[in-house]
Amino acid sequence: MSGLSIASYFPFLRVKLSQQSVDAEACVAHIHAEPDLRFHPICHVCGQKGSGAHSWMQRTVRDLNFATARVWVNCRYRELFCLTCHCTHIEDLGLFHPYLRVTNRLALYVYHLCRVMTVSEVADHLDLNWKTVKAIDKQNLERDYGTPDYPGLRI
């Protein structure tokens, strides 16, 4: 393995990359990430700092393609008990949404593609399930435009 690093392509403050590998045909890249322990975990719901880790979890999420290689990020993250929410939540690393299996930047790319392409075309282009693409598009549309206001409508 060479001394080259792709860490500069991952500008996430609360995450550090521990390992990277690319298969022989350069069609799949695996990156191992973990939280930077210099930072206290932050609740993804309320944004408040947690006192410490409740437990450790691991998830593999899909990231933007790097040239022709599909990139998978294997991320370790902490679950914390939030004193504000009074629940156990995962920490906010800024890398992925807690309920999606893609990184935030891939989700943003999917959302921008959905403005000019159909959901199935975006799914074929990125080799994702169309339901995943639709969920990402729906979530971003609701964030940008809110839920529709139906009271007062007349036919």
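Each value, and the rule that gives it
Starting from 1, residues in each chain are numbered consecutively following that chain's sequence as written. Two thresholds apply to this predicted model, a pLDDT of at least 70 for residue-level local features and 80 or more for giving and counting side-chain atom pairs, whereas whole-chain, interface and lining totals are computed over all residues. Think of the side-chain values as coming from all heavy atoms in the structure, minus any hydrogens and water. Secondary structure is summarised from DSSP: a helix means a run of H or I of at least four residues, a strand means a run of E of at least two, and numbering begins at the N terminus for each. The axes are straight lines fitted to the C-alpha atoms, using for helices just the contacting stretch, and the angles between their N-to-C directions are given from 0 to 180°. Each angle gets one of four labels, with under 35 degrees taken as roughly parallel, over 145 as roughly antiparallel, 65 to 115 as roughly perpendicular, and the rest as oblique. Pairs of residues are marked as contacts when any of their non-hydrogen atoms sit within 4.5 Å. Under the scheme applied, nonpolar residues are Ala, Val, Leu, Ile, Met, Phe, Trp, Tyr, Cys and Pro; charged residues are Asp, Glu, Lys and Arg; polar residues are all the others, including Gly. You can read pLDDT as the predictor saying how much it trusts each residue, on a scale of 0 to 100. Counting of polar contacts relies on pairs of N or O atoms within 3.5 Å, with two restrictions inside protein: one atom must be capable of donating a hydrogen and the other of accepting it, and residues adjacent in sequence are counted only when both atoms are side-chain atoms. By definition here, a salt bridge exists when the distance from a side-chain nitrogen of Lys or Arg to a carboxyl oxygen of Asp or Glu is within 4 Å. Any residue under 20% of the maximum accessible area for its type is buried, any over 50% is exposed, and the rest in between are partly exposed; the area is computed with a 1.4 Å probe on protein chains only. For two strands to pair, DSSP has to find at least two bridges joining them.

Peer 1: A description of the environment of Gly47 should follow, citing residues and the corresponding values.
Peer 2: Secondary-structure assignment places Gly47 in the loop between strand S2 (28-35) and strand S3 (55-66). Considering only alpha carbons, one finds Gly47 and Cys82, 35 residues apart in sequence, at a separation of 9.5 Å.

Peer 1: An account of the packing of helix H1 (residues 104-114) against helix H3 (residues 130-145) is needed here, citing residue identities and associated values.
Peer 2: Their axes nearest at 9 Å, the elements H1 and H3 cross at an angle of 85°. Taken as axis vectors, H1 and H3 run roughly perpendicular relative to one another. In this structure, H1 contributes Ala107, Val110, Tyr111 and Cys114 to the contact, and H3 contributes Val133, Ile136, Asp137, Asn140, Leu141, Arg143, Asp144 and Tyr145. Among the residues making up the contact of H1 with H3, the classes are represented as eight nonpolar, one polar and three charged.

Peer 1: I'd like to hear about the confidence of the model for the protein chain, residue by residue, with values.
Peer 2: Put simply, the protein chain has an average pLDDT of 84, and 95% of its residues get 70 or more. For the protein chain, the element scoring lowest by mean pLDDT is strand S1 (residues 15-22), at 81; helix H2 (residues 119-126) scores highest, at 94.

Peer 1: I'd love a proper account of the side chain of Glu91, names of residues and values included.
Peer 2: Here Glu91 shows up in the loop between strand S5 (87-90) and H1. Engagement of the side chain of Glu91 in a polar contact is seen with the backbone nitrogen of Arg78, the distance being 2.9 Å. In contact with Glu91, not counting residues within four places along its chain, are Pro35, Pro41, Ile42, Tyr77, Arg78 and Leu80.

Peer 1: Help me get a handle on the pattern of salt bridges, residues and values and all.
Peer 2: Two side chains with opposite charge may pair up if their charged atoms get near one another. As enumerated under the stated definition, the model contains five salt bridges in all. Note that Arg70 and Asp127 form a salt bridge whose closest N and O atoms lie 2.5 Å from each other. Taken together, the residues span a long stretch of sequence, with Arg70 in strand S4 (residues 69-82) and Asp127 in the loop between H2 and H3 at a distance of 57 residues. For Arg70, a relative accessible area of 31% corresponds to the partly exposed category. We note a salt bridge from Arg143 to Asp144, for which the minimum N-O separation is 3.2 Å. For Arg143, a relative accessible area of 55% translates into the label exposed.

Peer 1: Go over the pairing of S3 with me, naming the residues and quoting the values.
Peer 2: Pairing geometry for S3 and S4, over ten bridges, is antiparallel. Note that in S4 the partner of Ser55 across the bridge is Glu79. Connecting S3 to the antiparallel partner S4 that follows it, the hairpin turn spans two residues, and Ala67 within it adopts a positive phi of roughly 60°.

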